[in-house]
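Residue-level structure breakdown
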Amino acid sequence: MTAPLLDIRELSVTASTASGPYDAVREVSLEIPRAGAVAVVGESGSGKSLTALAVAGLLGEKLTPTGSILFDGEELVGMPAARRREIAGRRIGFVFQEPMSSLHPILTVGQQIDEGLRAHYDMTTRQRADRVRELLATVGLSNTRDVVGDRIGQLSGGMRQRVMIAMAISCEPELIIADEPTTALDVTLQRQVIDLLASLRERLGLSLMLITHDLGVVAETCEQAVVMYGGQVVERGDTRTLLHEPAHDYTKALVLSIPTLGDTRRRLPTVASVAPWLSDTRQIPLADRPLTEMSQIAPDHWVRSTTAKDAA
């Protein structure tokens, strides 16, 4: 069996706060196969983006990762910063959630894409310029107008997201992490961005880690899905099984909350429990906390128990 490209084992991210340590992500485990696509699904605050940032080495100084993140067999947690930058910039590309706040407002599109090429390749100025135009053509920005000299404020939302994707694939990475790439886009642009990511996966043989809360996007884009709630993985498996045979209460509520044509329900379902971040449990040291376990209920389907194994 081929080893996964990305193998996360019991990853926790602890934040340093005025009231003490706070476990924002708790013992997350997931795998992303080579040339595969895995969606990480959950509501805001569930730990999706922090997990992705931990993989990319982009956590703030007050956030500490523990556990294991193996990328192509190499441990990323605790890796020296210089080596981590080589991997994160060269072999892992990141599509941020909001291009308007992630891209530089003054530098031109060409300058921002060129920055990664200068950092990771020994290329002449002419070669880099040609590569920039090639990347813009790859993401569909060659037939509208020449945007190389434009600044981000001159572009539409969909064009900004395409620039972000061009930057992410500029160094020919093996893994793309896309953090809610369709946020704040209208339905038509969402369709275009998702189609673009799927096309790039097929043409370039990329692995994809897609962070989203849109189950429709998950169904069309990813073979595997991981559901997060309260900083933990509560269910994981193949996408079709999770969408059609969800086992955890939270996953069931996510699926049932999707309105459909002809839906006569007056209220959408909610999760019948107190949200974990409203309790004090995440400020109790992990060693002293009653833990629930992930159980395998089918060949490719795992679900977390809703009852702590140490509870009376």
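The residue numbers shown here count from 1 along each chain, following its written sequence. It should be noted that, the model being predicted, local features are given only for residues of pLDDT at least 70 and side-chain atom pairs only at 80 or more, the latter also being counted only at that level, while totals for whole chains, interfaces and linings use all residues. Side-chain measures here rest on the full set of heavy atoms in the structure, leaving out hydrogens and waters.

**So, the confidence of the model for the protein chain**
Applied cut-off: Confidence scores per residue from the predictor, reported as pLDDT, run from 0 to 100. Throughout, a contact is declared for two residues whenever any of their heavy atoms are within 4.5 Å.
Overall, the prediction assigns the protein chain a mean pLDDT of 87, with 89% of residues at 70 or greater. Confidence over residues 308–312 falls short of pLDDT 50; this stretch has seven contacts with residues more than four positions distant or in other chains.

**Some points on the nonpolar core**
In plain terms, the rule: Joining through side-chain atoms within 4.5 Å is the link that ties buried Ala, Val, Leu, Ile, Met, Phe, Trp, Tyr and Cys residues into a set, and such a set is a nonpolar core. Using a 1.4 Å probe on the protein chains alone, a residue whose accessible area is under 20% of its type maximum counts as buried, one over 50% counts as exposed, and one in between counts as partly exposed. Working definition: helices are DSSP H or I runs of at least four residues, strands are E runs of at least two. Numbering for both runs from the N terminus.
Core analysis: the biggest nonpolar cluster contains 46 residues, and Val109, Leu136 and Ile165 have the highest contact counts within it. With seven residues, the top contributor of residues to this core is helix 6 (residues 157–169). Look past the residues within four positions of Ile165 in its chain and what remains in contact with it is Val95, Val139, Val193, Leu196, Leu197 and Leu200.

**Structural notes on empty space enclosed by the protein**
Threshold: A cavity here means a set of 1 Å grid points, computed over protein atoms only, where a 1.4 Å probe fits but cannot escape. A pocket is an open set with protein on both sides within 12 Å along at least 5 of 7 lines, and lining residues have an atom within 4 Å of a point. Grid points are joined across faces, edges and corners, and a volume is the space filled by probe spheres set on the points. Residue classes follow a fixed rule: Ala, Val, Leu, Ile, Met, Phe, Trp, Tyr, Cys and Pro count as nonpolar, while Asp, Glu, Lys and Arg count as charged, and any other residue, Gly among them, counts as polar.
Under the counting rule described, the total for this entry stands at two cavities of 30 Å³ or more. By volume, the largest cavity amounts to about 60 Å³. Elements with a contribution of two residues or more to the lining of the largest cavity: helix 8 (215–221), strand 9 (224–229), helix 9 (239–244) and helix 10 (249–256). Of all the elements, helix 9 adds the most residues to the lining of the largest cavity, at three residues. Split by residue class, the lining of the largest cavity holds eight nonpolar, two polar and no charged. Its boundaries defined by the atoms lining it, the second largest cavity holds a volume of some 40 Å³. Elements supplying a minimum of two residues to the lining of the second largest cavity: helix 7 (187–204) and strand 8 (207–212). A per-element tally of the lining of the second largest cavity places helix 7 first, with three residues. Each residue belonging to the lining of the second largest cavity can be placed in one class, and the counts come to five nonpolar, one polar and one charged.

**Focus: the packing of aromatic side chains**
Worth spelling out the cut-off: In summary, the pairing rule links any two rings of Phe, Tyr or Trp, Trp by its six-membered ring, whose centres are within 6.5 Å, and it sorts them by plane angle into stacked for under 30 degrees, edge-to-face for over 60 and tilted for everything else.
If you walk through the whole model with that rule in mind, you get two aromatic pairs. Seen from their ring centres, Tyr229 and Tyr250 are 4.4 Å apart, and the 25 degrees between their planes marks the pair as stacked. Here Tyr229 is found in strand 9, whereas its partner Tyr250 is found in helix 10, with 21 residues between them in sequence. On the basis of relative accessible area, Tyr229 is assigned to the buried category, the value being 10%.

**Focus on the environment of Ile87**
Along the chain, Ile87 falls in helix 2 (residues 81–90). In this view, Ile87 contacts Phe71, Glu74, Leu76, Met79 and Ile92; residues no more than four positions away in its chain are not counted.

**Remarks on the environment of Ile177**
Locating Ile177 in the fold gives a position in strand 7 (residues 175–179). Classification of Ile177 by relative accessible area gives buried; the value is 0%. Residues Ile177 and Ala56, 121 residues apart in the sequence, show an inter-C-alpha distance of 8.4 Å. Beyond its immediate stretch of four places on either side in the chain, Ile177 contacts Ala52, Val55, Ile92, Gly93, Phe94, Val95 and Met209.

**Focus on the sheet that holds strand 10 (residues 232–238)**
Selection criterion: We call two strands paired when DSSP finds no fewer than two bridges between them. Note on method: axes are straight lines fitted to C-alpha atoms, helices fitted across the in-contact stretch only, with angles between N-to-C directions ranging 0 to 180 degrees.
The eight strands lie next to each other as 6-7-8-3-9-10-12-11, forming an open sheet whose pairing is mixed. Strands with a single pairing partner mark the edges of an open sheet, and in this sheet they are strand 6 (92–95) and strand 11 (294–298). The mean angle between the axes of side-by-side strands here comes to 20 degrees, regardless of whether they run parallel or antiparallel. In the sheet, strand 9 pairs with strand 10 via six bridges, with the strands oriented antiparallel.

**Brief notes about the sheet that holds strand 5 (residues 74–75)**
Reading across from one edge, 2-1-4-5 is the order of the four strands in this open sheet, with antiparallel pairing throughout. In the strand order of this sheet, the two ends are held by strand 2 (20–32) and strand 5, each with one partner. As defined by bridge partners, strand 1 (residues 6–17) adjoins strand 2 across nine bridges and the pair is classed as antiparallel. Paired with Ala15 across the bridge in strand 2 is Tyr22.

**Here's the deal with the packing of helix 6 against helix 7**
What counts, and what does not: Roughly parallel refers to an angle under 35 degrees, roughly antiparallel to one over 145, roughly perpendicular to one between 65 and 115, and oblique to any angle outside these ranges. Should the near helix be turned counterclockwise from the far one by less than a right angle, the crossing is left-handed, whereas a clockwise turn marks it as right-handed.
Packing of helix 6 against helix 7 leaves a shortest axis separation of 10 Å and a crossing angle of 20 degrees. Our classification of the angle between helix 6 and helix 7 gives roughly parallel. The interaxial crossing formed by helix 6 with helix 7 has right-handed handedness. Taken together, the residues of helix 7 that come into contact with helix 6 (itself represented by Gly158, Gln161, Arg162, Ile165 and Ile169) are Leu189, Gln192, Val193, Leu196, Leu197, Leu200 and Leu204. Grouping the constituent residues of the contact of helix 6 with helix 7 by class yields eight nonpolar, three polar and one charged.

**Digging into helix 6**
Two residues of an α-helix separated by three or four positions point the same way, owing to the 3.6 residues in each turn. Put simply, the rule is: Under the convention used throughout, the expected extent of a helix is 1.5 Å for every residue step, that is, one less than its residue count.
Relative to the 18 Å expected for 13 residues at 1.5 Å per residue, helix 6 spans 19 Å between its end C-alpha atoms, a close match to the ideal helical length. Most of helix 6 is tucked away, with eleven of its 13 residues classed as buried. Within the span of helix 6, buried status applies to Gly158, Met159, Arg160, Gln161, Arg162, Val163, Met164, Ile165, Ala166, Ala168 and Ile169. Contact partners of the buried residues in helix 6: strand 6, helix 3 (99–102), helix 4 (109–120), helix 5 (125–138), strand 7 and helix 7.

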